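# Chains, contacts and geometry: an overview
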Amino acid sequence: MGGDEQLVTVTTKPDHHDLRRGQDLGVTLTIEAGSDGAYLPNFFGDWVETCQSGFSVDIYTLQGNRASTSGRGCAGEFLGPGPPAKELLADYVLLKPGESRSWHTTLTNIAKAPGTYEIKAEYFSAQQRIGEVAALPEVHGLMVVGHIQAKPVLIRIR
């Protein structure tokens, strides 16, 4: 991998930037591989299963408090010995340079108070043994390990 470039970029795009009180908000999270490509969990489908793969999005006040009770954030590692790292690699996909994957979710039960809020999203390598998989020679240092945050996006509730 060349320079200090990140393996991936995470971005969010809300369906609306201006909401009425009580309205739900659709949000699309996109993760794009950098110039060398990157390995990510090979699942971009149903929210619950995607969440277990390390993707998260939620809405917050500007003071950093959650503004939704629907909860689209998650964390957790799957404990136990499990299969060898080489077998775990089959659960990942190598995105080509510039290739991206997206998923869409709906935030509900958003705070009713008018004001400015921010959408925060992230990818975090949630698998317990990610280090073992990342160390495989065939991965070539392209496994996304750690925590990558999207730039927060502001929305207004009126």
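Scoring rules and cut-offs
- Residues numbered from 1 in each chain as written.
- Predicted model: local features only at pLDDT ≥ 70, side-chain atom pairs only at ≥ 80, totals over all residues.
- Heavy atoms only, no water.
- Helix = DSSP H or I, 4+ residues; strand = E, 2+ residues; numbered from the N terminus.
- Buried < 20%, exposed > 50% of the residue type's maximum accessible area, 1.4 Å probe, protein only.
- Contact = heavy atoms within 4.5 Å.
- Areas by Shrake-Rupley, 256 points an atom, 1.4 Å probe, with all protein chains shown as cover.
- Phe/Tyr/Trp six-rings, centres within 6.5 Å; stacked < 30°, edge-to-face > 60°.
- Lys NZ or Arg CZ within 6 Å of the ring centre and 35° of its normal.
- Salt bridge = Lys/Arg side-chain N within 4 Å of Asp/Glu carboxyl O.
- Pairing = 2+ DSSP bridges.
- Axes fitted to C-alpha atoms, helices over the stretch in contact; angles between N-to-C directions.
- pLDDT = per-residue confidence, 0-100.

### With respect to the overall build of the chain
Across its full length, the chain holds 3 helices and 10 strands. Helices and strands in the chain line up, N terminus first, as β-β-β-β-α-β-α-β-β-β-α-β-β. Residues counted as buried form 44% of the 158 residues belonging to the chain. Looking at the chain alone, contacts between residues at least 24 apart form 78% of all its contacts between residues at least 6 apart. Total accessible area on the chain stands at roughly 8300 Å², and carbon and sulfur atoms take up 50% of it.

### Concerning the packing of aromatic side chains
Applying the stated criterion across every chain, the model contains 0 aromatic pairs. Residue placement shows K120 over the ring face of Y60; its charged tip is 5.0 Å from the ring centre.

### What about the pattern of salt bridges?
Between side chains of opposite charge, a pair can form when the charged atoms approach closely. Overall, the coordinates contain 5 salt bridges when judged by the stated rule. When the shortest N-O distance is used, the salt bridge between D58 and R66 registers 2.7 Å. Among the residues examined, D58 registers a relative accessible area of 3% and is labelled buried. With relative accessibility at 43%, the residue R66 sits in the partly exposed group.

### Thoughts on unusual backbone geometry
Excluding glycine, most residues fall at negative phi; most peptide bonds, likewise, are trans. Positive phi, normally seen in glycine, also occurs at N109, with a value near 55°. As for its position among the elements, N109 is in the loop between β7 (100-107) and β8 (115-124). What makes N109 partly exposed here is its relative accessible area of 45%. Non-glycine residue H140 carries a positive phi angle of around 55°. Positionally, H140 belongs in the loop between α3 (130-134) and β9 (147-149).

### Remarks on the sheet that holds strand β3 (residues 25-33)
What holds strands together in a sheet is hydrogen bonding between their backbones, with the strands either parallel or antiparallel. In spatial order, the strands read β1-β3-β7; together these 3 strands make up an open sheet with antiparallel pairing. Looking at the sheet topology across the chains shown, the edges are occupied by β1 (8-14) and β7. The average undirected angle you get between the axes of adjacent strands in this sheet is 20°.

### As for the confidence of the model for the chain
Summary statistics for the chain give a mean pLDDT of 82 and a share of 80% for residues scoring 70 or more. Within the chain, the lowest mean pLDDT, 52, falls on helix α1 (residues 47-52), and the highest, 95, falls on strand β10 (residues 153-157). Low pLDDT, under 50, characterises residues 75-80; the predicted model gives this stretch 9 contacts beyond four residues in sequence or across chains.

### Describing the pairing of β1
With burial as the criterion, only one face of β1 is covered, namely that bearing V8, V10, T12 and P14; the residues T9, T11 and K13 on the opposite face remain uncovered. Of the strand pairs in this sheet, β1 and β3 are connected by 7 bridges, and their pairing is antiparallel. Note on β3: the bridge partner recorded for V10 is I31.

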